[in-house]
Amino acid sequence: MSWHQELLVSFDLETTGTDVEHDRIVTAALIRLEGDGNVAGKESWLIDPGIPIPDEAADIHGMTTAYVQEHGRPPAQAIEEITEALAEALRADIPLVVMNARYDLSLLDRECRRYGVRTLTDRLGHAPAPVIDPLVLDKHVDRYRKGRRALQALCGHYGVRLDGAHEAGADAAAAAGVARRIGETYPAVAIPSPRALHALQEEAAAAQAASFQAYLRRSGDPRAIVEPAWPLIPYQA
């Protein structure tokens, strides 16, 4: 059987912003999904990030500074639990679905370093794998499609239900649904080995970054170099 017909673990974060080096985790969810899509287990975390949550972030995921200060967990404890839960799945070679993995896994890595928690890479002895990223896969199999590729847009394109966008559990379940639908639709990525699929995505993500960087140069956009590494941006001490 192909990976999209078997057990998957899906992960999502909601955060204080989009900067992996400086922003913090607010909520996280990890969901185990059987091959038929049924939920076999779910863990979720609400964290007090220790910094104010900007209004623009709270407007997206609904978590305010006052709410997380009252109800949230201390970050070091929660980040330890999150990282170990991911490591447990990957040690068992269960594919980890993460929409835009480069962002979520890099931000988690930086949070581990911030609080002196062992990183996912340290626990595994290698970079996180096998990872399945619906964003990278969609760009790979349908390179020239116009329009947005955020999770809500991908759900609409692939006919996947998304209840409660920007709630970590709902987004994690939807990301797994999109990944499965891509596997069902495109035989080129419906390969039996999740490890082989991971390697394919490493190459695809690097090519996608190079293509976007070339576009920026042609358009005269002054933005910084696009990071080609996937699924984790290397830490620069």
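Summing up its helical and strand segments, the protein chain has nine helices and five strands in all. Ordered by position from N to C terminus, the α and β elements of the protein chain give β-β-β-α-α-α-β-α-α-β-α-α-α-α. Computed over C-alpha atoms, the radius of gyration of the protein chain comes to 17 Å, within 12% of the 18 Å expected from 2.2 N^0.38 for 237 residues, which places it in the range of a compact globule. Overall, the C-alpha framework of the protein chain stretches about 50 × 50 × 35 Å when taken along its three principal axes. Evaluated residue by residue, the protein chain yields a buried proportion of 49% over its 237 residues. If you take every contact in the protein chain between residues at least 6 apart in sequence, the share linking residues at least 24 apart comes to 66%. As presented, the protein chain carries roughly 11,300 Å² of accessible surface, and 51% of it is formed by carbon and sulfur atoms. If the 24 positive side-chain charges of the protein chain are averaged to one point and the 34 negative ones to another, these points end up 6 Å apart.

On to the sheet that holds strand E5 (residues 131-132), then. A sheet is described by the order of its strands in space; here five strands give the open sequence E3-E2-E1-E4-E5, paired in mixed fashion. Of all the strands in the sheet, just strand E3 (39-46) and E5 have a single pairing partner and so form its edges. Where strand E1 (residues 8-15) lies against strand E4 (residues 96-97), two bridges are found, and the strand directions are parallel. Considered in E4, the bridge of Val 9 is made with Leu 96.

The next subject is the side chain of Asp 171. Locating Asp 171 in the fold gives a position in helix H8 (residues 168-185). For the buried Asp 171, no salt bridge exists, and the shortest N-O distance to an oppositely charged side chain is 10 Å, to Lys 42. Residues in contact with Asp 171, not counting those within four places in the same chain, are Asp 12, Glu 14, Leu 151, Leu 162, Gly 164, Ala 165 and His 166.

Side chains that differ in sign of charge can pair as their charged atoms come close. Tallying each qualifying case throughout the model produces 14 salt bridges. Taking the shortest distance from any N to any O, the salt bridge between Asp 93 and Arg 195 comes out at 2.8 Å. With Asp 93 in the loop between helix H3 (75-91) and E4 and Arg 195 in helix H9 (residues 194-219), the pair connects residues that are 102 residues apart, well separated along the chain. Exposure remark for Asp 93: the relative accessible area of 38% places this residue in the partly exposed category. Between Arg 145 and Asp 142 there is a salt bridge whose closest N-O contact spans 2.9 Å. It is possible to trace a salt-bridge network through shared partners that takes in Glu 21, Asp 109, Arg 110 and Arg 113.

In this chain, Ala 129 is followed by Pro 130 through a cis amide linkage whose omega measures 0°. For Pro 130, the position within the fold is in the loop between helix H5 (120-124) and E5. Pro 231 follows Trp 230 through a cis peptide bond whose omega is 5°. Of note, Pro 231 is situated in the segment after H9. Positive phi, close to 55°, is recorded for Asn 100, a residue that is not glycine. Examined against the element boundaries, Asn 100 turns out to sit in the loop between E4 and helix H4 (101-115). Here His 166, not a glycine, exhibits a phi torsion of approximately 75°, which is positive. In this structure, His 166 sits in the loop between helix H7 (151-158) and H8. Here His 166 falls in the partly exposed class, since its relative accessible area comes to 32%.

In this fold, Arg 145 is placed in the loop between helix H6 (134-141) and H7. What makes Arg 145 buried here is its relative accessible area of 18%. Looking at Arg 145, its side chain comes within polar contact range of the side chain of Asp 142, at 2.9 Å.

Reading the values: rules and limits
- Residues numbered from 1 in each chain as written.
- Predicted model: local features only at pLDDT ≥ 70, side-chain atom pairs only at ≥ 80, totals over all residues.
- Heavy atoms only, no water.
- Helix = DSSP H or I, 4+ residues; strand = E, 2+ residues; numbered from the N terminus.
- Rg over C-alpha atoms; globule rule 2.2 N^0.38 Å.
- Buried < 20%, exposed > 50% of the residue type's maximum accessible area, 1.4 Å probe, protein only.
- Contact = heavy atoms within 4.5 Å.
- Areas by Shrake-Rupley, 256 points an atom, 1.4 Å probe, with all protein chains shown as cover.
- Lys, Arg positive; Asp, Glu negative; His and termini not counted.
- Charge placed at Lys NZ, Arg CZ, Asp CG, Glu CD.
- Pairing = 2+ DSSP bridges.
- Salt bridge = Lys/Arg side-chain N within 4 Å of Asp/Glu carboxyl O.
- Polar contact = N/O pair within 3.5 Å; in protein donor to acceptor, adjacent residues only side chain to side chain.

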